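Here is how the chains run, residue by residue.
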Amino acid sequence: MTNAVETKEGALILDSHKLSCHYDRVQAWEAGERIAPVSVDMSLTRACGAMCSFCYAMMQESQSRSSIKVQDALNLADDFAEIGIRSVSLVSDGESTLSKAYVPFIQHLSSLGIDVANATNAWEWEAEKVDQILPHMTWIRFTVAAGRPESYAKIMYKGPEHTEVFDRAIKNIKYAVDLKKKLGLKVTLGIQMVLMPELKDEIIPFAKLGVDLGVDYAVIKHCSDDESGSLGIDYSQYEPLYDLLTQAEAMSNDQTKVIVKWNKIKDGDKPSYKRFYGPQFLLQISGSGLVAPSGMFFNARYSKLHIGNFTEERFKDIWKSERYWRAMNYLASPNFDAQTMMGTLPIQHYISTALDNHAKGIQRINPNEGKNPLHHNFL
Amino acid sequence: MNKQLENAVLDSPTPSKKWREMSHDDRKTFLNDILKQRSDFYENFEVAHAKDDGQVIVKMMRALNPSERGTLLLDLEELFKLEIDQGINLWAEALGDKNSLRNLRGIEVKHD
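Each chain has its residues counted from 1, running along the sequence as written. To read the labels, note that chains go from A and ligands from 1, taken in the order they are written. Per-residue local features are limited, in this predicted model, to residues with pLDDT of at least 70; the limit for side-chain atom pairs, both in listing and counting, is 80 or more; totals at the level of whole chains, interfaces and linings are taken over all residues. Here the side-chain values reflect all heavy atoms present in the structure, with hydrogen atoms and water set aside.

A. A look at the interface of chain A and chain B. At the interface, 61 residues of chain A touch 49 residues of chain B. Of the roughly 4,600 Å² buried at the junction of chain A and chain B (both faces included), carbon and sulfur atoms supply 52%. For salt bridges, the criterion is a side-chain nitrogen of Lys or Arg within 4 Å of an Asp or Glu carboxyl oxygen. For the pair chain A and chain B, the interface holds four salt bridges. Salt-bridge contacts for lysine 274 of chain A lead to aspartate 11 of chain B; the nearest nitrogen and oxygen are separated by 2.4 Å. Polar contact criterion, stated in full: a pair of N or O atoms within 3.5 Å, where within protein one must be able to donate a hydrogen and the other to accept it, and residues adjacent in sequence count only if both atoms are side-chain atoms. Counting every contact that joins chain A to chain B gives 21 residue pairs in polar contact (both at pLDDT 80 or more). Only DSSP runs of H or I with at least four residues qualify as helices, and only runs of E with at least two residues qualify as strands; both kinds are numbered from the N terminus onward. Those elements that place two or more of their residues in the side of chain A that touches chain B are helix H1 (23-30), helix H5 (149-156), strand S12 (308-309), helix H11 (322-331) and helix H12 (349-360) of chain A. A per-element tally of the side of chain A that touches chain B places H11 of chain A first, with four residues. In the side of chain A that touches chain B, the residues fall into 25 nonpolar, 18 polar and 18 charged. Pairs of residues are marked as contacts when any of their non-hydrogen atoms sit within 4.5 Å. In short, buried area is how much 1.4 Å probe accessible area vanishes from two parts on joining, totalled over both. Only Asp, Glu, Lys and Arg are considered charged, only Ala, Val, Leu, Ile, Met, Phe, Trp, Tyr, Cys and Pro nonpolar, and every remaining residue, Gly among them, polar.

Written as structure tokens, this is what we have:
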């Protein structure tokens, strides 16, 4: 396995992919079969109480929103199990902890044997909710934009004076860290900073906060932007930060690993691949209920790649439809160029790079013959 | 063997000289005429931009379900490619974020 960080609980891969653990699907894809995604990344709502300056959800408005009811979510979980999806991450384009479906959906997925994960700001993630979901989770990643309260409040909320949001998040994260220890849970808890180049002064305080909290990891990643540069990210400005990022990594200890997603940061704004094979393995669903191959295509601009809405029809029927496969085949055809027709560094970036290298014969994907890394069902 | 794998090394089609040398208005008229000919499917569609690099933006005057709009737009792109230029890429008009809190950031989705 490449780019694994050894932790007390096993090998942790955040800056690469785990397709080798799903070689059966890779073989089926290579044979031209219509495969079920290994993983789905989704949200239960488009709503969010935060206003992060780096938030890609600002670019993901589709034509209309549907409210995801508890029963819609439970049906979705059943459909995932039926078609063979192995993991679900609640990240995507909204704060899923705000949804009434949050707890029952997680519990139901877990009962079906599907691994579940969540990224959250933890603002509305109080003890009652945590108690009900933590034993069912494979990982939880907290969005922590900065290590200092004022900076955190400035980046994630209305201004530096609103440090109450930082205090609330930290209190809830600490509760989860303690509960994990108390119950001996296997869940991995991490914090994530989305690094915009102008936030360089937050790198070291963020790493320190991760160590102080005693979470399992503190990860620093690039910021995605759309192909028109709506967020104004200057990817050439990451390189001057390499020394600071290396210093941050050196703050790792036995309990907390500080990890930089070097591959994504160095890949910048232009992928090596033209065809976008990744969504066939890792599908994204919007908190509006929209099923589209990738979050990169949630905006109404990409309506031609909109496949369906799982609140209007069952997901298993969407997956079986010609519409689904037409969109996937389009992304794998010369009509689509990932270098010019979508935003930067999508969630499917690592697997798309690997599948493209596999297709070109540059580097074949081989089956994993060793012990599976942590979270192996999350690509 | 999956034929998709062979596509990994192929270049995407680019617009012809004829397309690039047409005026923006002529390109729009050309495309809108095709929409009129297919008004049974596309009466609520209008071409808003037709750029020399092949990017064509259509306006949908009526909201369509995702189960309809994807197919209609992919069909339309195929039609434009077949009848006008292989280098055409069809997009719909972009939408800005409807989240009022996030909107306080003042980020606007660019349309280019």
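B. Representation of the pairing of strand S10 (residues 282-285) of chain A in the model. Residue and element names in this part refer to chain A. Burial along S10 is two-sided: the face carrying Leu282 and Gln284 and the face carrying Leu283 and Ile285 are both buried. Paired strands, in this sense, are two strands between which DSSP finds at least two bridges. One ladder, built from four bridges, connects strand S3 (residues 39-42) with S10; its direction is parallel. Looking at S10, one finds that valine 40 is bridged to leucine 283. By the bridge criterion, two bridges tie S10 to strand S11 (residues 290-292) in an arrangement that is antiparallel. Burial status follows relative accessibility: with a 1.4 Å probe on protein chains alone, a residue under 20% of its type maximum counts as buried, one over 50% as exposed, and anything between as partly exposed.

C. A look at the confidence of the model for chain B. Counting all residues, the mean pLDDT for chain B is 89, and 85% of those residues have values of 70 or more. Across the whole predicted complex the pTM is 0.92, and at the interface the ipTM reaches 0.91. pLDDT runs from 0 to 100 and stands for how confident the predictor is about each residue.

D. Highlighting helix H4 (residues 66-83) of chain B. To estimate how far a helix should reach, multiply one less than its number of residues by 1.5 Å. Compared with the 26 Å implied by 1.5 Å per residue over 18 residues, the 26 Å span of H4 of chain B between its first and last C-alpha is a close match. Those residues of H4 of chain B that sit buried are Pro66, Arg69, Gly70, Leu72, Leu73, Leu74, Leu76, Glu77, Leu79, Phe80 and Lys81 of chain B.

E. Summary view of the packing of H11 of chain A against H4 of chain B. Axes here mean lines fitted to C-alpha atoms, for a helix over just the part in contact, with angles spanning 0 to 180 degrees between N-to-C directions. Interaxial distance between H11 of chain A and H4 of chain B falls to 10 Å at its minimum, and their mutual angle equals 45 degrees. On the basis of the axis angle, H11 of chain A is oblique to H4 of chain B. Our pair here, H11 of chain A against H4 of chain B, has a crossing hand that is left-handed. Judged by residue contacts, Arg323, Arg326 and Tyr330 of chain A of H11 of chain A engage Ser67, Thr71, Leu74, Asp75, Glu77 and Glu78 of chain B from H4 of chain B. Looking at the contact of H11 of chain A with H4 of chain B, its residues break down into two nonpolar, two polar and five charged. Angles below 35 degrees are treated as roughly parallel, those above 145 as roughly antiparallel, those between 65 and 115 as roughly perpendicular, and all remaining angles as oblique. Each crossing is labelled by how the near helix is turned from the far one, with a counterclockwise turn of less than a right angle marking it left-handed and a clockwise turn marking it right-handed.

F. How the structure looks around the side chain of aspartate 93 of chain A. Looking at the element boundaries, aspartate 93 of chain A is found in the loop between strand S4 (87-90) and helix H3 (102-111). At 3.2 Å, the side chain of aspartate 93 of chain A and the side chain of serine 92 of chain A are in polar contact.

G. Summary view of the pairing of strand S9 (residues 257-260) of chain A. All names here are of chain A. The two faces of S9 match: Lys257 and Ile259 on one face and Val258 and Val260 on the other face are all buried. Inspection of the sheet shows strand S8 (residues 217-221) paired to S9 by four bridges, in the parallel sense. Paired with tyrosine 217 across the strands is lysine 257, a residue of S9. With the strands pointing away from the viewer, any crossover whose connection runs clockwise from the first strand over the helix to the second is right-handed. What joins S8 to S9 is helix H8 (residues 242-249), and the crossover it makes is right-handed.

H. Examining the sheet that holds strand S2 (residues 55-60) of chain B more closely. Residue and element names in this part refer to chain B. Judged by pairing direction, the sheet is mixed, and its three strands sit side by side in the order S1-S2-S3 without closing on themselves. Single-partner strands in this sheet number two, and they are strand S1 (45-50) and strand S3 (89-92). Averaged over all pairs of adjacent strands, the angle between strand axes in this sheet comes to 35 degrees, irrespective of strand direction. Two strands pair when backbone bridges link them, and S1 and S2 are joined in this way by five bridges, in the antiparallel orientation. Residue pairing in the sheet places phenylalanine 45 in a bridge with methionine 60 of S2.

I. Quick look at the nonpolar core. Here, nonpolar core refers to any group of buried Ala, Val, Leu, Ile, Met, Phe, Trp, Tyr and Cys residues whose side-chain atoms link them within 4.5 Å. Core analysis: the largest hydrophobic core is formed by 112 residues, its most contacted members being Phe80, Phe105 and Phe315 of chain A. Per-element tally for this core: the top contributor is helix H6 (residues 164-183) of chain A, with eight residues. Not counting chain neighbours up to four residues away, the residues in contact with phenylalanine 105 of chain A comprise Met42, Leu44, Ala73, Leu74, Leu76, Ala77, Phe80, Val88 and Leu90 of chain A. With 22 residues, the next largest nonpolar core counts Met22, Leu35, Val58 and Leu79 of chain B among its residues.

J. Structural detail: the environment of asparagine 253 of chain A. All names here are of chain A. Among the secondary structure elements, asparagine 253 is positioned in the loop between H8 and S9. Asparagine 253 gets classed as partly exposed once you look at its relative accessible area, which sits at 31%. Distance in space between the C-alpha atoms of asparagine 253 and phenylalanine 142 is 19 Å, their sequence separation being 111 residues. In this structure the side chain of asparagine 253 is engaged in a polar contact, spanning 2.9 Å, whose partner is the backbone nitrogen of glutamine 255. Only 2.7 Å separates the side chain of asparagine 253 from the backbone nitrogen of threonine 256, close enough to count as a polar contact.

K. Summary view of the environment of valine 291 of chain A. Residue and element names in this part refer to chain A. With respect to the element layout, valine 291 can be found in strand S11. On a C-alpha basis, the gap between valine 291 and isoleucine 307 in space is 5.7 Å, while along the polypeptide they are 16 residues apart. Those residues in contact with valine 291, other than ones at most four positions away along the chain, are Leu283, Gln284, Ile285, His306, Ile307, Gly308, Phe310, Phe315 and Ile318.

L. Up close: H11 of chain A. For H11 of chain A, the complete set of buried residues consists of Tyr324, Trp325, Ala327, Met328, Tyr330 and Leu331 of chain A. Taken together, the buried residues of H11 of chain A touch S10 and helix H10 (315-320) of chain A together with H4 and S3 of chain B.

M. How the structure looks around the environment of glutamine 132 of chain A. All names here are of chain A. Topologically, glutamine 132 is positioned in helix H4 (residues 127-133). Beyond its immediate sequence surroundings of up to four residues, glutamine 132 is in contact with Val103 and Gln107. Reaching out from glutamine 132, the side chain makes a polar contact with the backbone oxygen of glutamate 128 at a distance of 3.3 Å.

N. Just the packing of aromatic side chains, in detail. When the centres of two rings from Phe, Tyr and Trp lie within 6.5 Å, Trp using its six-membered ring, the rings pair. Their planes under 30 degrees apart give stacked, over 60 give edge-to-face, and anything left gives tilted. Tallied over the full model, the rule gives 18 aromatic pairs over all chains. Look at tyrosine 152 of chain A and phenylalanine 166 of chain A: their rings are 5.1 Å apart centre to centre, the planes differ by 80 degrees, and that puts the pair in the edge-to-face class. In this pair, tyrosine 152 of chain A is assigned in helix H5 and phenylalanine 166 of chain A in helix H6, connecting sequence segments 14 residues apart. We note that tyrosine 152 of chain A, like phenylalanine 166 of chain A, is buried. An angle of 85 degrees between the planes, with centres 5.1 Å apart, marks the rings of tyrosine 42 of chain B and phenylalanine 45 of chain B as edge-to-face. We note lysine 266 of chain A situated over the ring of tyrosine 242 of chain A; from NZ or CZ to the ring centre the distance is 5.5 Å. The rule for a charge over a ring is simple: NZ of Lys or CZ of Arg within 6 Å of the ring centre, and within 35 degrees of the ring normal. Cation over ring: arginine 27 of chain B sits above tryptophan 19 of chain B, and NZ or CZ is 5.4 Å from the ring centre.

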